[in-house]
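Now for the letters of each chain:
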Amino acid sequence: MNVLVLGGTGSIGLAIIQQLLLIKPHANIHATFFHHQPQYQHSHLHWHQCDITLENHIKALAKQLPRLDVVINAVGMLHTTEHQPEKSIQQFDTNFFQANIQTNTLPSLLIAKHFMAALKTSSRSYFVTISAKVGSIEDNRLGGWISYRSSKAALNMAIKTISIEWRTKLPHCCVIAFHPGTTASPLSKPFQRNVAPHKLFTPSYTAQCLLNLLATLTPQDTGKFLSYDGNALPW
Ligand SMILES: NC(=O)c1ccc[n+]([C@@H]2O[C@H](COP(=O)([O-])OP(=O)(O)OC[C@H]3O[C@@H](n4cnc5c(N)ncnc54)[C@H](OP(=O)(O)O)[C@@H]3O)[C@@H](O)[C@H]2O)c1
């Protein structure tokens, strides 16, 4: 089994890798990092430095990995050192919006484009993107966080569209968007205060939820937006 985890130095990405190494000890895992040098090493784990917002980086990585069974994109951003997510449209900033789109939306499109051939070599493959429930248009009751919400809503549309195209081109592939629930990480840190302790998941719990879910999914489930508890979310 050949797996690629993009964002392997992130809290959720690393937990997915560690959980996979436990439950699939023979799996060959490739993972990407960007700013942070990976600290975690394992004989079945191969690190690649990659800025997944750049098409030439994704293309070069795809050339090195011609056969894959599972691709999981765990890259994302919610805030920067200069900007917190917006509470009002008055805080909207073009550069912050573009950074959200560039990190949260664009990479999954580039990954799908360049790893389609690798996923085609597998008799049962998975293309998973970590999205967020706040990207659901129907579920949006609170407002706020307009750049992040918009980038995840656009991501969701991209995933749904790819899943429809691949129903005929990659009939053995299951394409899903996954909502991890609020998970302790640098991304969620500034927003954990109002989260009930039992609703703040450890990255390893979130990774277990995802991998347990994947074990139950077949290509018939392609095109779903699924929560950590296995429930389907409205797009
Ligand atoms: N945590 C939550 O509560 C929560 C809730 C809903 C959805 N999510 C989603 O879950 C995903 C993972 O989040 P997390 O909580 O694990 O965040 P995190 O710990 O902050 O990790 C973010 C990851 O993104 C990578 N990254 C950022 N920009 C990149 C780029 N240009 N190229 C390559 N890698 C890049 C980082 O790599 P380097 O550090 O090496 O740069 C890091 O691995 C995100 O999509 C997030 O939106 C999280």
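Look above for the structure.
These figures come from a predicted structure and were not determined experimentally.

*Asks:* It is not clear to me how the pairing of strand β2 (residues 28–33) should be interpreted in this structure. Could you clarify?
*Replies:* Consecutive residues of a regular strand have side chains that alternate between opposite faces of the sheet. By the criterion of burial, β2 is predominantly enclosed, with five of the six residues buried. In terms of strand pairing, strand β1 (residues 2–6) meets β2 through four bridges, oriented parallel. Paired with Val-3 across the bridge in β2 is Ile-29. In this fold, β1 hands off to helix α1 (residues 11–23), which returns the chain to β2; that crossover is right-handed. Where β2 meets strand β3 (residues 45–49), five bridges bridge the pair, whose relative direction is parallel. Following the sheet pairing, Ala-31 is matched in β3 by Trp-47.

*Asks:* How should the packing of aromatic side chains be read in this particular structure?
*Replies:* Working definition: an aromatic ring pair is given by the centre-to-centre distance plus the angle between the planes. Here the structure, examined in full by the defined rule, presents eight aromatic pairs. Here Phe-92 and Phe-97 contribute two aromatic rings whose centre-to-centre distance is 5.4 Å and whose plane-to-plane angle is 50°, an arrangement assigned as tilted. Phe-92 sits in the partly exposed class, given a relative accessible area of 36%. Here Phe-225 and Trp-235 contribute two aromatic rings whose centre-to-centre distance is 5.3 Å and whose plane-to-plane angle is 25°, an arrangement assigned as stacked. With Phe-225 in strand β7 (residues 224–227) and Trp-235 in the segment after β7, this residue pair connects regions lying ten residues apart in the sequence. Overall, Phe-225 belongs to the buried group, its relative accessible area being 1%. Accessibility expressed as a relative area gives 29% for Trp-235, which makes it partly exposed. Members of the aromatic cluster, each reached through a chain of ring pairs, are Trp-145, Tyr-148 and Phe-191.

*Asks:* Teacher, can you tell me more about the sheet that holds β1 here?
*Replies:* Backbone-to-backbone hydrogen bonds join strands into a sheet, with any given pair of strands oriented parallel or antiparallel. Taken together, seven strands build an open sheet; the order of strands is β3-β2-β1-β4-β5-β6-β7 and the sheet is parallel. On the outer flanks of this sheet lie β3 and β7, each paired with one strand and no other. Across the sheet, the axes of successive neighbouring strands diverge by a mean angle of 20°, strand direction being ignored.

*Asks:* Would you explain the site of the ligand in this entry?
*Replies:* Contacts to the ligand come from 30 residues, most closely from Thr-9, Gly-10, His-36, Tyr-148 and Ser-185. For the ligand, an oxygen atom lies 3.0 Å from a polar atom in the backbone of Ile-12. Here the ligand loses 91% of its free accessible area of 900 Å² to cover by the protein chains. Every element with two or more residues in the shell around the ligand is listed here: α1 and α4 (146–169). Partitioned by chemical class, the residues of the shell around the ligand number 13 nonpolar, 15 polar and two charged.

*Asks:* It is not clear to me how the side chain of Asn-104 should be interpreted in this structure. Could you clarify?
*Replies:* If you trace the backbone, Asn-104 turns up in helix α3 (residues 94–120). What makes Asn-104 buried here is its relative accessible area of 2%. Only 2.9 Å separates the side chain of Asn-104 from the backbone nitrogen of Met-77, close enough to count as a polar contact. With residues near it in sequence (within four places) discarded, Asn-104 still touches Gly-76, Met-77, Tyr-148, Ser-151, Lys-152 and Leu-155.

Conventions we followed
Residues numbered from 1 in each chain as written. Predicted model: local features only at pLDDT ≥ 70, side-chain atom pairs only at ≥ 80, totals over all residues. Heavy atoms only, no water. Buried < 20%, exposed > 50% of the residue type's maximum accessible area, 1.4 Å probe, protein only. Helix = DSSP H or I, 4+ residues; strand = E, 2+ residues; numbered from the N terminus. Pairing = 2+ DSSP bridges. Right-handed = clockwise from strand over helix to strand, strands pointing away. Phe/Tyr/Trp six-rings, centres within 6.5 Å; stacked < 30°, edge-to-face > 60°. Axes fitted to C-alpha atoms, helices over the stretch in contact; angles between N-to-C directions. Near = heavy atom within 4 Å. Polar contact = N/O pair within 3.5 Å; in protein donor to acceptor, adjacent residues only side chain to side chain. Areas by Shrake-Rupley, 256 points an atom, 1.4 Å probe, with all protein chains shown as cover. Nonpolar A, V, L, I, M, F, W, Y, C, P; charged D, E, K, R; others polar. Contact = heavy atoms within 4.5 Å.

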